Amino acid sequence: MRTAISFCRICSGNCGTLLTIDEDDRIASIRGDREHPLSQGYACSKGLEAGEMHRRPDRLLHPLKRGRDGSFERIDPDRALDEIAARMEAIIERDGPVAVASFFGTGGYNNAAVTEVLPAFMRAIESPSFFSAVTIDQSCMLVTAARMGAWHAGRQPWSTADVWMLFGTNPLVSLAASGGAPAFNPSKGFREARERGLKLVVVDPRRTETARYADLHLQIRPGGDAALAAGLLRMLLARGLEDRAFCDAHIHGLERLRAGVERFTPEHVERLAGIPARELEAAAELFAAGPRGCAGAATGVSMSPFSNVTHHLIECLNVVCGRYLREGEAIADPLVLTPREERRAEVVPPSRTWETGHKLRVRELGGLQSQMGHEMPSGALADEILLPGEGQIRALIVQGGNPATAIPDQRKITKALASLELLVSVEPFMGVTARMSHYVLPPTLMYERADFPLWFGLSRRQPCAFANYAEPVVAPPPGAQVLDDWYVYWALAKRMGRTLEIAGEPLEMDAAPSTEDVLRRMARGGEISVDDLRRHPHGRVFDVEPQLVQPAARGHAGRFDVLPDDVADELAAYEAAAGTPSPFGHRLTVRRMRHAINSYRPQAEASTSRGRRTYNPAYMSPEDLAALGLVDGDRVRLVSDAGEIVAVVAADPGVRPGVVSMAHGWGAGPEDDRAAEEAGSCTNLIISTDRDCEAVNAMPRMSAVPVTVVPAGDGSALGNFS
Ligand SMILES: Nc1nc2c(c(=O)[nH]1)N[C@H]1C(S)=C(S)[C@@H](COP(=O)(O)OP(=O)(O)OC[C@H]3O[C@@H](n4cnc5c(=O)[nH]c(N)nc54)[C@H](O)[C@@H]3O)O[C@H]1N2
Ligand SMILES: Nc1nc2c(c(=O)[nH]1)N[C@H]1C(S)=C(S)[C@@H](COP(=O)(O)OP(=O)(O)OC[C@H]3O[C@@H](n4cnc5c(=O)[nH]c(N)nc54)[C@H](O)[C@@H]3O)O[C@H]1N2
Ligand code: SF4
Ligand SMILES: [Mo]
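Parameters at a glance
- Residues numbered from 1 in each chain as written.
- Chains lettered and ligands numbered in written order.
- Predicted model: local features only at pLDDT ≥ 70, side-chain atom pairs only at ≥ 80, totals over all residues.
- Heavy atoms only, no water.
- Near = heavy atom within 4 Å.
- Polar contact = N/O pair within 3.5 Å; in protein donor to acceptor, adjacent residues only side chain to side chain.
- Areas by Shrake-Rupley, 256 points an atom, 1.4 Å probe, with all protein chains shown as cover.
- Helix = DSSP H or I, 4+ residues; strand = E, 2+ residues; numbered from the N terminus.
- Axes fitted to C-alpha atoms, helices over the stretch in contact; angles between N-to-C directions.
- Parallel < 35°, antiparallel > 145°, perpendicular 65-115°, else oblique.
- Left-handed = near helix turned anticlockwise from the far one by under 90°.
- Contact = heavy atoms within 4.5 Å.
- Nonpolar A, V, L, I, M, F, W, Y, C, P; charged D, E, K, R; others polar.
- Salt bridge = Lys/Arg side-chain N within 4 Å of Asp/Glu carboxyl O.
- Buried < 20%, exposed > 50% of the residue type's maximum accessible area, 1.4 Å probe, protein only.
- Pairing = 2+ DSSP bridges.
- Core = buried A, V, L, I, M, F, W, Y, C linked by side-chain atoms within 4.5 Å.
- Phe/Tyr/Trp six-rings, centres within 6.5 Å; stacked < 30°, edge-to-face > 60°.
- Arc of directions from axis to C-beta.

J.: Can you walk me through the site of ligand 1 in this structure?
T.: Surrounding ligand 1, one finds 32 residues, the nearest of these being Thr106, Glu427, Asp485, Ser599 and Asn684. Contacts to ligand 1 include Gln399, whose side-chain N or O atom sits 3.4 Å from a nitrogen atom. At a separation of 3.1 Å, a nitrogen atom of ligand 1 approaches a polar side-chain atom of His664. When the free accessible area of ligand 1 is taken as 920 Å², the share hidden by the protein chains comes to 95%. When contributions to the shell around ligand 1 are tallied by element, the ones reaching two or more residues are helix H4 (106-109) and helix H17 (403-406).

J.: I'm lost on the packing of helix H5 (residues 112-124) against helix H20 (residues 485-495) in this one. Help?
T.: The relative placement of two packed helices is expressed as an angle between their axes plus a distance between the axes. Contact pair H5 / H20: the axes reach a minimum separation of 8 Å and the direction vectors enclose 25°. One finds that H5 runs roughly parallel with respect to H20. In the packing of H5 onto H20, the handedness of the crossing is left-handed. Two secondary-structure elements touch here, H5 through Ala113, Val114, Val117, Leu118 and Phe121 and H20 through Asp485, Trp486, Tyr489, Trp490, Leu492 and Ala493. Taken together, the residues that form the contact of H5 with H20 break down as 10 nonpolar, no polar and one charged.

J.: Help me out: how do you make sense of the side chain of Asn616 in this one?
T.: By the element assignment, Asn616 lies in the loop between helix H24 (604-609) and strand S26 (618-620). A polar atom in the side chain of Asn616 sits 2.8 Å from the backbone oxygen of Ala663. Among the polar contacts made by the side chain of Asn616, one reaches the main-chain amide nitrogen of Ser681 at a distance of 2.8 Å. Apart from residues no more than four positions distant in its own chain, Asn616 is found in contact with Met593, Met662, Ala663, Trp666, Gly680 and Ser681.

J.: What am I meant to see in unusual backbone geometry here?
T.: With glycine set apart, most residues show a phi of negative sign, and most peptide bonds adopt trans. Note that the residue after Gly290, namely Pro291, is joined by a cis bond; omega there is 5°. Even without being glycine, Asn598 reaches a positive phi, approximately 55°. Relative to the elements of secondary structure, Asn598 occurs in the loop between strand S25 (586-589) and H24. Of note in the backbone geometry, Asp692 takes a positive phi value of approximately 60° without being a glycine. Positionally, Asp692 belongs in the loop between helix H26 (676-679) and strand S30 (705-711).

J.: Looking at this structure, I do not really get the site of ligand 2. What am I missing?
T.: Surrounding ligand 2, one finds 32 residues, the nearest of these being Thr169, Asp204, Asp225, Thr299 and Ala596. The separation between an oxygen atom of ligand 2 and a polar main-chain atom of Gly300 is 3.5 Å. Summarising the interface, the protein chains cover 95% of the accessible area of ligand 2, which totals 920 Å² for the free molecule. Among the elements of the structure, helix H7 (171-174) and helix H14 (299-302) are those that each provide at least two residues to the shell around ligand 2.

J.: How should the pattern of salt bridges be read in this particular structure?
T.: Oppositely charged side chains are able to pair whenever their charged atoms sit close together. Scanning the entire structure with this criterion turns up 50 salt bridges. Here Arg498 makes a salt bridge to Glu89, at a shortest N to O gap of 3.2 Å. With a gap of 409 residues between them, Arg498 in the loop between H20 and strand S21 (501-502) and Glu89 in helix H3 (residues 77-95) connect regions that are remote in the sequence. Accessibility expressed as a relative area gives 25% for Glu89, which makes it partly exposed.

J.: Help me out: how do you make sense of the sheet that holds strand S7 (residues 130-132) in this one?
T.: Two strands in a sheet stick together by hydrogen bonds in their backbones, pointing the same way (parallel) or opposite ways (antiparallel). Here we have seven strands laid out as an open sheet, ordered S5-S4-S19-S18-S17-S6-S7, and mixed in their pairing. Each of the sheet's edge strands pairs with one partner strand only, and the pair in question is strand S5 (72-74) and S7. The mean angle between the axes of side-by-side strands here comes to 20°, regardless of whether they run parallel or antiparallel. Against the sheet, H20 contacts strand S17 (395-399), strand S18 (422-426) and strand S19 (439-441), and its axis sits at roughly 150° relative to S17.

J.: What exactly am I supposed to notice about the packing of helix H9 (residues 225-238) against helix H15 (residues 307-320) here?
T.: In contact at an axis separation of 8 Å, H9 and H15 are set at 25° when each is read in the N-to-C sense. Taken together, H9 and H15 sit at an angle that is classed as roughly parallel. In this structure, the crossing between H9 and H15 has a hand that is left-handed. Contacts from Asp225, Ala226, Ala229, Ala230, Leu232, Leu233, Leu236 and Leu237 in H9 reach Thr310, Leu313, Ile314, Cys316, Leu317 and Val320 in H15. Looking at side-chain class alone, the contact of H9 with H15 contains 12 nonpolar, one polar and one charged residues.

J.: Explain the nonpolar core to me, please; I cannot follow it from the model alone.
T.: Here is a general trend for soluble globular proteins: nonpolar side chains tend to be buried in one another's company. Core analysis: the biggest nonpolar cluster contains 69 residues, and Phe121, Phe452 and Leu500 have the highest contact counts within it. Element by element, the count of residues in this core is highest for H5, at nine residues. The contact partners of Phe121, leaving out residues within four places of it in the chain, are Met88, Tyr489, Leu492, Ala493, Met496 and Leu500. By size, the runner-up hydrophobic cluster in this structure holds 60 residues, among which are Ala153, Met165, Phe264 and Ala283.

J.: Sorry, what's going on with the packing of aromatic side chains here?
T.: Two aromatic rings, taken as a pair, are described by how far apart their centres are and by the angle between their planes. The full count for this structure, using the stated rule, is 16 aromatic pairs. Relative to Phe560, the ring of Tyr324 has its centre 5.6 Å away and its plane inclined at 25°; by these criteria the two rings are stacked. Of this pair, Tyr324 sits in the loop between H15 and strand S14 (347-348) while Phe560 is found in strand S24 (residues 560-561), placing the two residues 236 residues apart along the sequence. Neither residue differs from the other here; Tyr324 and Phe560 are each classed as buried.

J.: Please explain helix H8 (residues 186-195) as it appears in this structure.
T.: Residues spaced three or four apart along an α-helix face the same direction, because each turn holds 3.6 residues. For H8, every residue scored as buried is listed here: Pro186, Ser187, Gly189, Phe190 and Ala193. With its buried residues spanning 165° around the axis, H8 presents them on a single face. Taken from the residues just after H8, Gly197 is the one with a positive phi, measuring 110°.

Structure below.
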């Protein structure tokens, strides 16, 4: 037995872990690492049981090729790469590089090297067809920054905040960092902040684990957030609670905003969002009192209808109250492994990235600029694949994703994927997308490879100047032919005679670099070297020179555009839609489950034996269940305007009546009629990408989806869809 120090890469928490490894190089047990400066011993069941993920009997250990009859056979890794490269080359030759696309999923993000190498591969083959989970996740944030502008120095941090308002996020389970809320050991982070006096407002139709820490929980009607944010803005502006000096210096269109939200009186907000006037007032007062703090949102907002205008208005709360770092203030998280970026007290003006650059043929949709490059909207991927003619996508490589389950309108996206000439999955398990792929290339798993945490090279995500490095601590299982994720793209580029560039410099293309070489290439020019970092296996908060916000550049004239025309139009359209009565009785809302990451359940084998749910229940309030004559465990049909699924209900007194709260990423695929109790139910079978999509980024309406709940009797012989 030996022990090893590492960190978990299943979700963005990146909790420090201590592994016990047996004589056969197998992970015997995992504990949370108390000496990890951020997670301080915290780890969830997924991380504690990740040893099982490495040795699950269904883990893929050899590359597979699908035959005509749909069955898979092993193929030598080099041969698989030769064949894939040759097919990509032929498609590029015939149809141009646009025909070769990639989809970067959640399983790719927690692997630092591939986040650089896959975009480098797309640049090397000159293909603009880059898609990722970002555009079906929280791309409203990118849209807001590109339409309103963004503050170059970033927001005020959690550590000095007096108030925080969270819209549609449950970091206690998701470890999502909404605008800077604690994403490392979140329960401790929230508890300690409360103890020092931080006031927390949580806006969520469900009494979540996070809402338990709230001073004020607004149990909003799903999809009501735009009305609430507009009502809050109206109240703040009417009472003169804005930061006048900041508004005068940095905002364009404040009077337009004031006029635009004028209609959102407390009565109107109550009608649209179900929030009583006294709660609206209490929230406005808490937020305005600050004086420091922030409003942040995540998937409950980004997936609801009119998500872009909603997020825009939420960010306006920060803008009008000037909740940003000013000249001379210290930045919480200076970068230590890469060169510091200057951060200035100025507005980065709106960029409207989708108006220039590559466009899809579908609705002429443009791209969004993320950390990984120019991203095309995944909500339109299926249509783009299915639309014949010049520019059609004919090959797709999926990096750690499961688009067949993750992208709404499952029937359409699976039809599109099935129509491709070449579909490749870099994927450790046989999920719905892998099963459809021509080639499946299984990767090493986290404890088998060197890595940085997810937030590598990204400032504004960590609470301090923290850095960490993981060594590979176990070997892949004996005989396994697994490849480090990034290597796949290097090997394809080499075969296609292309040179990859990282941080503006070419990567060695004659002989494959090691994973460590790639990571070293990413970490250049910082104050701390990888060698320094490796002397601190628990990770370290580096005592570096403080980084201060610099003054605005000379002559800088950027301003926040708080209510551009398209945002005003969306607000009017929102109001009209929200005020229209619906024939559907309930609203289906998104949520996360503790033991799953989207469609990925790392401890799948262990779940049944430990009594965890093997499906995604439809959580409803006990009153709603009683009214429908249902009890916990009954089957229902959930009917939307796009289809219907069978689901199994569970009572949750924390769910607002009228709401069906259900996780996505379940179900066996549209052609597989395993029961809802066995495989779960795929909510994306009843979500459309033909209507209710955002204009800019094609984000579908994935939460607050109108549904009717129909009791399915004793449900015998019902499949997971009908
Ligand atoms: N209706 C509805 N749809 C949604 C959402 C919703 O809330 N509701 N949420 C959306 C969101 S936020 C997201 S991010 C997307 C997720 O969309 P995807 O990222 O496409 O889906 P995941 O299920 O996260 O797929 C991750 C895959 O990575 C694999 N994997 C795990 N570890 C590794 C690794 O080390 N290497 C590689 N190569 N693969 C690995 C897993 O086996 C899994 O198949 O879904 C979106 N879709
Ligand atoms: N355990 C676990 N952790 C995860 C994941 C997982 O699947 N499981 N997925 C990861 C991924 S890919 C992502 S993107 C993040 C997401 O991280 P979060 O956005 O924090 O996700 P949730 O925990 O689902 O929180 C969303 C909340 O929004 C609420 N909500 C739904 N509709 C509305 C609405 O209309 N208005 C408001 N105000 N609230 C609404 C839901 O009730 C829910 O509590 O989590 C990541 N972490
Ligand atoms: S899955 Fe996320 S929260 Fe759980 S141990 Fe791993 S990093 Fe931490
Ligand atoms: Mo996500």
